[in-house]
Each structure stands twice: as structure tokens, then as C-alpha cells.
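Summary of structural features
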Amino acid sequence: MQELSTSIGQAAKMPCTAMHAWTIASSTTGATYRIYATQPEGMPPESGWPAIFLLDGEGLFGTVSEAIARLSRRADATGVKPAATIAICAEPVASVDVRRRDFGTPSPDPHGAGPSSTTQPQGEEFLQFLHTALVPALVEAMQLDGRKLSLYGHSLAGFSALNSFLSSASPFARFAAISPSIWWDREGLYARLDHADTGNRRIFLAAGEWEEALPPWQARTEQAESILARRQARRMIRNAREMSERIVARSGAVAATFAFFEDEDHASIVSRSIAPALRFISVE
């Protein structure tokens, strides 16, 4: 696999997991990525381990891999099954512009937070790299179960996860789009949904209470008015709920689940969502 022809190295061992690291230069995006991976201890099933791929992986890898290791010890009680964890990390560490490059699409940005003048969104190219190069190579290298792959993304990475869910080329069966930035191109997503064949794929969408309102700790700040206006314009809660409803209406009740988390904001929802998302992904 040419996409994986660059350096492959062994990294330190994490508690309860075997950890691997790769540095990959993608010819599709022209960018370089670090890939961190863990696998459960013991012998894998005959078909290979299920796996969850993490977009924006540098901020999620440790937390998610430890959550899986801890919760899967008692899968009968927690509903979370053992799985490999694979983090996709931009090189250099993802900045705002790097995230817009990899996860954004070249669409109108109605709220002034889209790509900067020096950033060209190439979310479609990134998904092509993910779907057709990176995932097949890692399924082979790590002996994963290619039928039980999941994708987790938050914010603009959640928008990317939604685009993957709607793509006919997607190798994933389960998705978690946490506080997805649907505002980036809501109408474009709706149009893709109208023509998508999602098959047996399922997606978990979530949003937090303070994503369209001001929490008490922000209500008296100097920026309160502008923050509130931006949050209301982006409709994070309503967009995620409406997207879930549209998917259900088109593909059936099991195709999408929406979760609303009280007292969580756009940042704190990440930690809050991990266990419910892992349970959702574990259901066959």
C-alpha cells in the first residue's frame, strides 16, 4: 500500500494495550499524519478485532483507549465490547486551519468561521484517503474485522463523520458525530442524504445544553452577546436533532440516535459522550 510506505515504528506500551505508531504521507491530500493504535490484550476473535477510528485523534486517543480497556472488562455490565483504537492525527498538531483543511468542504460559510484565505478545504480528498487507503491498509496490518469498523468525530470532525456516513465508499458500519458542525454546509448534507444509500450503517449524534445558550459562567463576560449570537446562528442542537430525524425518516428507526446532554458545552461534551458512543458502537 503506497500510502503506508513511509516510516513505521514501535512506540511505548500503554496500560492494558499494545500501542503502535505510524507516520504516513498521503498522496491524496498532500499532508502527513501520525497514526496511533491500540489493541486489546489477548487473542483476537477469528474475524479480527472491531476498531474505532478517531478523527482529531491527538485529543482523544488516551481517553478513548483507556475507556474501552476499562469498560470492556465487564462488557456484560457496561455494554462496551473490546475493540482496537486508532487515532488519526494531523502533522503538525491540528490547528484551526488544519482542521478546516481536512474536514471542511468547499462550501459557502454563512457565519464567518470557514476556511481562512490561505486554507483550501479538502474534506472530500481526506475522506478518499481515509476510505480507500488508510483504513484498508490498517485492517490488513492490524488484522481487524473489516465489518466492524467505527468512526468518531467531534465538531468539524463530526461534520466529516457525517459525510463519511453518507458516502457510498465508506468502510465504516457505525459512526459517532458529536456536536457536528452541520452549519458548515447543512443544505449540502441534506442533499447528500436524499441520494445516499446508507445500508445498515448507524450513526450516533449528540449535542450539549450550552451549545445554543450561555452557561452561567459566561453570561456576564464582555463577549457574552457575540458568543450567544454565534451559537444561535449555528443551531448546534437543532441541527443535530433534525439530522437524526431526517436519517430516521429515510432509513428507519435504528439508523440514527440523538442524545442531548444537560449541562455540557461544546468542549465538555466530548468526555460525556464517550461511554454512550462506545455502547452504541458495540451493539450489533
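Scroll up to find the structure this text is about.
If you're wondering where the values come from, they're calculated on a predicted model, not measured in any experiment.

A count of helices and strands for the protein gives nine helices and nine strands. In the protein, buried positions account for 55% of the 284 residues. Partitioning the intrachain contacts of the protein with sequence separation of at least 6 by distance along the chain shows that 70% fall at a separation of at least 24. Summing over all exposed atoms, the protein offers an accessible surface of approximately 12,900 Å²; the carbon and sulfur share of this is 51%.

Turning to the side chain of Arg235, a few remarks are in order. Here Arg235 lies in the loop between helix 7 (224–234) and helix 8 (236–251). One polar contact links Arg235 to Glu242, side chain to side chain, over a distance of 3.0 Å. Contacts of Arg235, omitting those with residues within four sequence positions, involve Arg186, Glu212 and Glu242.

Take helix 6 (residues 186–195) next. Residues Gly188, Leu189, Tyr190 and Leu193 constitute the buried set of helix 6. Contact partners of the buried residues in helix 6: helix 5 (156–165) and helix 8.

This brings us to the packing of aromatic side chains. Going through the model one piece at a time under the given rule, you end up with 11 aromatic pairs. When the ring of Tyr33 is compared with that of Phe126, the centres are 5.8 Å apart and the planes differ by 55°; the resulting orientation is tilted. Within this pair, whereas Tyr33 is found in strand 3 (residues 32–40), its partner Phe126 is found in helix 4 (residues 123–142), the two being separated by 93 residues in sequence. Plain terms: the ring middles of Phe204 and Phe280 are 5.6 Å apart, the flat faces sit at 45° to each other, and that makes the pair tilted. Taken together, the positions of Phe204 in strand 8 (residues 202–208) and Phe280 in helix 9 (residues 269–282) put the pair 76 residues apart, joining distant regions of the chain. Given the relative accessible area of 14%, Phe280 is considered buried. Cluster of aromatic residues (ring-pair linked, three or more members): Tyr33, Phe103, Phe126 and Phe129. In this arrangement the basic side chain of Arg234 is found over the ring face of Trp183, its NZ or CZ atom lying 4.0 Å from the centre.

What follows concerns the pairing of strand 3. By the criterion of burial, strand 3 is predominantly enclosed, with seven of the nine residues buried. Pairing geometry for strand 3 and strand 5 (residues 84–91), over seven bridges, is antiparallel. Its bridge partner being in strand 5, Tyr33 is matched across the sheet by Ala90.

Another aspect to go through is the nonpolar core. Core analysis: the biggest nonpolar cluster contains 51 residues, and Phe53, Leu130 and Leu144 have the highest contact counts within it. Take this core: its biggest share by element is 10 residues, from helix 4. If near-sequence neighbours (up to four positions away) are discounted, Leu130 is found in contact with Leu55, Ile88, Val135, Pro136, Leu151 and Phe172. Of all hydrophobic cores here, the second largest spans 22 residues; its members include Phe204, Ala259, Ala277 and Leu278.

Across the interface, helix 6 lies against helix 8 with an axial gap of 10 Å and an inter-helix angle of 10°. Between helix 6 and helix 8, the interaxial angle falls into the category roughly parallel. Crossing handedness for the pair helix 6 and helix 8: right-handed. Here Arg186, Leu189, Tyr190, Leu193, Asp194 and His195 of helix 6 lie close against helix 8, whose contacting residues are Asn239, Glu242, Met243, Arg246, Ile247 and Arg250. For the contact of helix 6 with helix 8, the residue count by class is five nonpolar, two polar and five charged.

This part covers the environment of Asn200. Within the secondary structure, Asn200 is located in the loop between helix 6 and strand 8. For the pair Asn200 and Ala255, spaced 55 residues apart in sequence, the C-alpha separation works out to 7.3 Å. Discounting chain neighbours no more than four positions away, the residues touching Asn200 are Ala173 and Arg174.

A few words now on the side chain of Ser244. Secondary-structure assignment places Ser244 in helix 8. Judged by its relative accessible area of 5%, Ser244 falls in the buried class. Apart from the residues lying within four places of it in its own chain, the contact partners of Ser244 are Leu205, Ala256, Thr257 and Phe258.

This paragraph deals with helix 8. A rise of 1.5 Å per residue sets the reference length of helix 8, with its 16 residues, at 22 Å; its end C-alpha atoms lie 22 Å apart and thus fit the reference within 8%. The set of residues buried in helix 8 consists of Met236, Ile237, Asn239, Ala240, Met243, Ser244 and Ile247. Buried positions along helix 8 lie against helix 5, helix 6, strand 8, helix 7 and strand 9 (256–261). At the C-terminal side of helix 8, Gly252 shows a positive phi close to 105°.

Rules and cut-offs
Residues numbered from 1 in each chain as written. Predicted model: local features only at pLDDT ≥ 70, side-chain atom pairs only at ≥ 80, totals over all residues. Heavy atoms only, no water. Helix = DSSP H or I, 4+ residues; strand = E, 2+ residues; numbered from the N terminus. Buried < 20%, exposed > 50% of the residue type's maximum accessible area, 1.4 Å probe, protein only. Contact = heavy atoms within 4.5 Å. Areas by Shrake-Rupley, 256 points an atom, 1.4 Å probe, with all protein chains shown as cover. Polar contact = N/O pair within 3.5 Å; in protein donor to acceptor, adjacent residues only side chain to side chain. Phe/Tyr/Trp six-rings, centres within 6.5 Å; stacked < 30°, edge-to-face > 60°. Lys NZ or Arg CZ within 6 Å of the ring centre and 35° of its normal. Pairing = 2+ DSSP bridges. Core = buried A, V, L, I, M, F, W, Y, C linked by side-chain atoms within 4.5 Å. Axes fitted to C-alpha atoms, helices over the stretch in contact; angles between N-to-C directions. Parallel < 35°, antiparallel > 145°, perpendicular 65-115°, else oblique. Left-handed = near helix turned anticlockwise from the far one by under 90°. Nonpolar A, V, L, I, M, F, W, Y, C, P; charged D, E, K, R; others polar. Expected span 1.5 Å × (residues − 1).

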